[in-house]
Amino acid sequence: MINKIILLILISCSLHTFAQKNREFKISIVDPSNLLDAEMKSNLTFAFNMQYPGFASADGYRTKREVILEVANSETESIAAKAGEIKVNSNWVMGKSLKKINNELKDALTKNWSFYSTKKHKGYKLTFISKDPNLDPAVRQNLIDTYFEIYPTLVKTFNNKSTKDVLFVVDTAYKAVAEASGNRILFSAGYMKAHPTDIDVVTHETMHIVQGYGYSAGPVWLTEGISDYIRYKYGVDNVGSKWSLPAFNSKQNYTNSYRITARFFAWLEKNVKPGLVATLDQELRAHQYTAQSWAKLTGKNIDQLWTDYSSNPDQVDLKYSDKQSK
């Protein structure tokens, strides 16, 4: 009896915690014949709060936040689930433990993906989800291998407080290239199909996880410029990825971001101050970066540095990683 009371208290506390944490997720139970008793509804709600927010985050692009849970005995033998919809068999739920219900809902949600795996290596973990049934298994494996090859190096070099638990999602609904948010990297299925050798998109995006600057830490051009510079310097296979830094021209500016800014940083590292990018990265993460950081670190402001670069942009020896030459 005491154990049961303790369990009910823990469930109540957990539900309150999840309700506070996951306010953007809402469940509505449809049970017109009243086949679910209060305990069954409580267990289903608990399982929803345990599993659905993580599923929505992992599922990819614009997954529904409001979910209808419906009793549908004729449609499922246990639990069936997808974005925005959960169907349960009341006969199956009856008498099932909270753990059993939770695991069944997790399995039901996982079935929405064409591929799902979790791998661990030397303290690092990668969960890989693909919503694309046509994703080339070789591309998938190359993305996984690149993560385990490059991410530990970036963590140890720039930010050893970075998460060691990362999620990759290949989504057919996402139309850009890739983006990082929290510990998740979202890849466009269309892009990976068109550019199957571009494995160093992983280097760029995992650097964003390592950066972890948060909001208002610095300008976007600087964040993206650093990430592309790291792709250049630490990339696993720049040549195989068919990626390089563009030649300088007078129409460019350091605020152009990405590869243009990255090439400028390569020049600064060689001709002005080795280690400058790592220092800027540290300042951004600590929210200590200002426009005056350039003069403090190099003796010149950013515009003066760009003018110097523009006067002699080829004074840098660009070397690209190439797996075939190793």
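For the structure itself, look to the data block above.
Cut-offs used in this document
- Residues numbered from 1 in each chain as written.
- Predicted model: local features only at pLDDT ≥ 70, side-chain atom pairs only at ≥ 80, totals over all residues.
- Heavy atoms only, no water.
- Phe/Tyr/Trp six-rings, centres within 6.5 Å; stacked < 30°, edge-to-face > 60°.
- Helix = DSSP H or I, 4+ residues; strand = E, 2+ residues; numbered from the N terminus.
- Buried < 20%, exposed > 50% of the residue type's maximum accessible area, 1.4 Å probe, protein only.
- Lys NZ or Arg CZ within 6 Å of the ring centre and 35° of its normal.
- Pairing = 2+ DSSP bridges.
- Axes fitted to C-alpha atoms, helices over the stretch in contact; angles between N-to-C directions.
- Contact = heavy atoms within 4.5 Å.
- Salt bridge = Lys/Arg side-chain N within 4 Å of Asp/Glu carboxyl O.
- Core = buried A, V, L, I, M, F, W, Y, C linked by side-chain atoms within 4.5 Å.

Peer 1: Can you tell me about the packing of aromatic side chains, naming the residues and giving the values?
Peer 2: All chains considered together, the criterion is met by 27 aromatic pairs. Between the aromatic rings of Y254 and W306, the centroid separation amounts to 6.0 Å while the plane-to-plane angle is 65 degrees, which identifies the pairing as edge-to-face. With a gap of 52 residues between them, Y254 in the loop between α8 (220-234) and α9 (258-271) and W306 in helix α12 (residues 302-311) connect regions that are remote in the sequence. This pair shows no difference in class: Y254 is buried, exactly as W306 is. Seen in terms of ring centroids, W267 and Y309 are 5.6 Å apart; in terms of plane orientation they differ by 65 degrees. Their pairing is edge-to-face. Taken together, the positions of W267 in helix α9 and Y309 in helix α12 put the pair 42 residues apart, joining distant regions of the chain. An identical accessibility class is assigned to W267 and Y309; each is buried. Chaining the aromatic ring pairs together yields one cluster made of W221, F248, Y254, F264, F265, W267, W294, W306 and Y309. If you follow R140 out to its NZ or CZ, it ends over the ring of F115, 3.7 Å from the centre.

Peer 1: I'd like a rundown of the sheet that holds strand β2 (residues 66-71), residues and numbers included.
Peer 2: Spatial ordering of the open sheet is given by β1-β2-β4-β3, a layout of four strands whose pairing is mixed. Only two strands of the sheet have a single neighbouring strand rather than two, namely β1 (26-30) and β3 (79-82). The sheet shows a mean angle of 15 degrees between the axes of neighbouring strands, direction not considered. Bridging between β3 and strand β4 (residues 85-88) involves four bridges; their strand directions are antiparallel. Bridging across to β4, I79 finds its partner in V88. The strands that helix α2 (residues 38-59) touches are β1, β2, β3 and β4; relative to β1, the one it contacts most, it runs at about 140 degrees. Sheet contacts for helix α4 (residues 98-110): β3 and β4; angle to β3, the most-contacted strand, approximately 45 degrees.

Peer 1: Would you mind going over the pattern of salt bridges in detail, with residue names and values included?
Peer 2: Scanning the entire structure with this criterion turns up eleven salt bridges. With a closest N to O distance of 3.3 Å, K131 and D59 form a salt bridge. Note that K131 is positioned in the loop between β6 (124-130) and α5 (137-158) and D59 in helix α2, a separation of 72 residues in sequence. Here D59 falls in the buried class, since its relative accessible area comes to 5%. K300 is paired through a salt bridge with D308; the nearest N and O atoms lie 2.6 Å apart. Members of the salt-bridge network, linked through shared partners, are D59, K131 and D171.

Peer 1: Can you break down the nonpolar core residue by residue, with the values?
Peer 2: Counting residues in hydrophobic clusters, the biggest one holds 60 residues, and the most contacted among them are Y147, F168, F187, I226, F264, F265 and W294. Here this core takes ten residues from α5, the largest share from any one element. For W294, the residues in contact, after removing those within four places along its chain, are W221, L222, F265, L268, L276, L280, Y289, G299, K300, N301, I302 and L305. If you look at the next biggest cluster of nonpolar residues, it comprises 29 residues, including L44, L69, I79 and Y174.

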